[in-house]
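In case you want the letters, here they are:
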Amino acid sequence: MRYQAVIFDLDGVICQTDRYHYLAWKRIADEIGVYFDEVINNRLRGISRTESLEIILESYDGELSQAEKNYYTDKKNAIYLDLLKEMSPEDLGPEVRDTLDRIRAKGILEAIGSSSRNAKFILRQVGLENYFDAVSDGSNITNSKPDPEVFLKASEYLGIDPRGCLVVEDARSGLEAALVANMDCAAIGDGTKYNLANYNLKRFSDLLLIV
Ligand code: BG6
Ligand code: MG
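Rules of the game
- Position labels on residues start from 1 in each chain and follow its written sequence.
- The naming scheme follows written order: chains are lettered A onward, ligands numbered 1 onward.
- Since the coordinates come from a predicted model, pLDDT governs what is reported: local features require at least 70, and pairs of side-chain atoms require 80 or more to be given and counted, while whole-chain, interface and lining totals use all residues.
- To obtain the side-chain values, all non-hydrogen atoms of the structure were included, while hydrogens and water were left out.
- Using only the protein atoms, space was sampled on a 1 Å grid; points where a 1.4 Å probe fits but cannot get out form cavities, open sets with protein on both sides within 12 Å along at least five of seven lines form pockets, and lining residues are those with an atom within 4 Å of a point.
- Grid points are joined across faces, edges and corners, and a volume is the space filled by probe spheres set on the points.
- Only DSSP runs of H or I with at least four residues qualify as helices, and only runs of E with at least two residues qualify as strands; both kinds are numbered from the N terminus onward.
- Throughout, the ten residues Ala, Val, Leu, Ile, Met, Phe, Trp, Tyr, Cys and Pro are labelled nonpolar, Asp, Glu, Lys and Arg are labelled charged, and all others, Gly among them, are labelled polar.
- By convention here, the domain bounds are inherited from an automatic or database domain assignment.
- Partly exposed describes any residue whose relative accessible area lies between the buried limit of under 20% and the exposed limit of over 50%, with all areas from a 1.4 Å probe on protein chains only and scaled to the type maximum.
- Taken from the helix axis, the directions to the C-beta atoms give the arc we talk about.
- Only heavy atoms enter the contact rule, under which two residues are in contact if any of them lie within 4.5 Å.
- The term salt bridge refers to a side-chain nitrogen of Lys or Arg lying within 4 Å of a carboxyl oxygen of Asp or Glu.
- Any residue with at least one heavy atom within 4 Å of a molecule or strand is counted as near it.
- Within 3.5 Å is the distance limit for a polar contact, defined as a pair of N or O atoms, with the added protein rule that one can donate a hydrogen and the other accept it, and that residues adjacent in sequence qualify only through two side-chain atoms.
- Computed with a 1.4 Å probe, the accessible areas rest on the Shrake-Rupley method; for each residue, only the protein chains presented here act as cover.
- The way we define it, a molecule is inside a pocket or cavity when more than half of its atoms are within 2 Å of that pocket's grid points.

Participant: Would you explain the layout of surface pockets in this entry?
Facilitator: Any space left empty among the atoms is revealed by the rolling of a water-sized probe across them. Roughly 560 Å³ of volume is contained in the largest pocket. Lining the largest pocket are 35 residues; nearest its centre among them are Ile47, Ser48, Arg49, Ser115 and Ser116. Contributions of two or more residues to the lining of the largest pocket are made by helix H1 (18–32), helix H3 (49–56) and helix H4 (66–84). Partitioned by chemical class, the residues of the lining of the largest pocket number 6 nonpolar, 17 polar and 12 charged. Built from parts of two domains, the lining of the largest pocket gets at least three residues from each of domain 1 (5–15 + 91–209) and domain 2 (18–84).

Participant: Before we go on, may I ask you to explain H3 in this structure?
Facilitator: For an α-helix, 3.6 residues make a turn, and residues three or four places apart therefore share a direction. Along H3, the positions that sit buried rather than exposed are Ser52, Leu53, Ile55 and Ile56. On an axial view of H3, the arc spanned by its buried residues comes to 160°, and they lie on one face. Buried residues in H3 make contact with H1, helix H2 (38–43) and H4.

Participant: So what exactly am I meant to see when it comes to the pattern of salt bridges here?
Facilitator: Any two side chains of opposite charge can pair if their charged atoms end up close together. Per the stated rule, a full pass over the model turns up 22 salt bridges. The partner of Asp190 in a salt bridge is Arg45, with the nearest N and O atoms 3.7 Å apart. Of this pair, Asp190 sits in the loop between strand E5 (184–188) and strand E6 (199–201) while Arg45 sits in the loop between H2 and H3, and the two are 145 residues apart along the sequence. Side by side, Asp190 and Arg45 carry an identical accessibility label, which is buried. One salt bridge in this structure joins Arg104 and Asp133, with 3.4 Å as the shortest N-O distance. Of this pair, Arg104 sits in helix H5 (residues 94–105) while Asp133 is found in the loop between helix H6 (119–125) and strand E3 (134–136), placing the two residues 29 residues apart along the sequence. Among the charged side chains, a network of salt bridges with common partners joins Asp18, Arg45, Asp170, Asp190 and Lys193.

Participant: Help me understand unusual backbone geometry, please; the structure alone is not making it clear to me.
Facilitator: Across residues other than glycine, the phi torsion is negative in most instances, and most of the peptide bonds are trans. A cis amide bond, omega 15°, links Lys145 with the succeeding residue Pro146. Along the chain, Pro146 falls in the loop between E3 and helix H7 (149–158). Even without being glycine, Asn182 reaches a positive phi, approximately 65°. Of note, Asn182 is situated in the loop between helix H8 (172–180) and E5. You can call Asn182 exposed: its relative accessible area is 55%.

Participant: Before we go on, may I ask you to explain the site of ligand 1 in this structure?
Facilitator: Around ligand 1, the structure places 15 residues, and the nearest of them are Asp11, Ile47, Arg49, Ser116 and Asn118. Between ligand 1 and Leu44, the relevant distance is 2.9 Å, taken from an oxygen atom to a main-chain nitrogen or oxygen of the residue. Note that an oxygen atom of ligand 1 is positioned 2.7 Å from one of the side-chain N or O atoms of Arg49. Calculation on ligand 1 without its partners gives an accessible area of 400 Å², and the protein chains cover 96% of this total. With respect to the detected pockets, ligand 1 is housed in the largest pocket. Its residues assigned to classes, the shell around ligand 1 comprises 3 nonpolar, 8 polar and 4 charged.

This is how it looks when you write it as structure tokens:
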């Protein structure tokens, strides 16, 4: 067995919440009066909520107080949570569920490694609440990706050496985090553009060719 564990990013890998992040940030950018598009949104993948706001404010001509920044990140999250309420197990797609089950059947452990503080809520929405062997997310880390902390915590929770873990990521920041953590990584979606991963996946089930 090449890997003892697979650590999955959540947003953009297990489920497609990135559209909801985009819609919520777009409303905030419009309220502030700054330009925002999908290219900027891609830079927010894997990055924390507060760091995301700083990136959105790069084109803002002025200075926001900490209270104003808190207002905008709280409001973004409220809009985002409202959109997430619409999610159900149907948003998972049969391929993801089937692939997760097949990896598990090989005796490989599975964990989540996500910067999101909403990870457990999202997992509940898509019916994976108690599925993973470990969940490492925004609630147990100090530094978000590209810092390796979230993946190192996941491997620690699983009790598996980092070199035995494969990370699955859609974000540049996440691929960089995996490399620093000494973990192999498989890129999917947007992540395949960067030439940083050990493997590029055309589809989620391609993982079965690797593990
Ligand atoms: C990551 C997303 O999974 O979580 C980022 O890719 C997001 O775009 C980050 O900013 C933090 O998410 P949340 O849900 O805590 O605002
Ligand atoms: Mg992601």
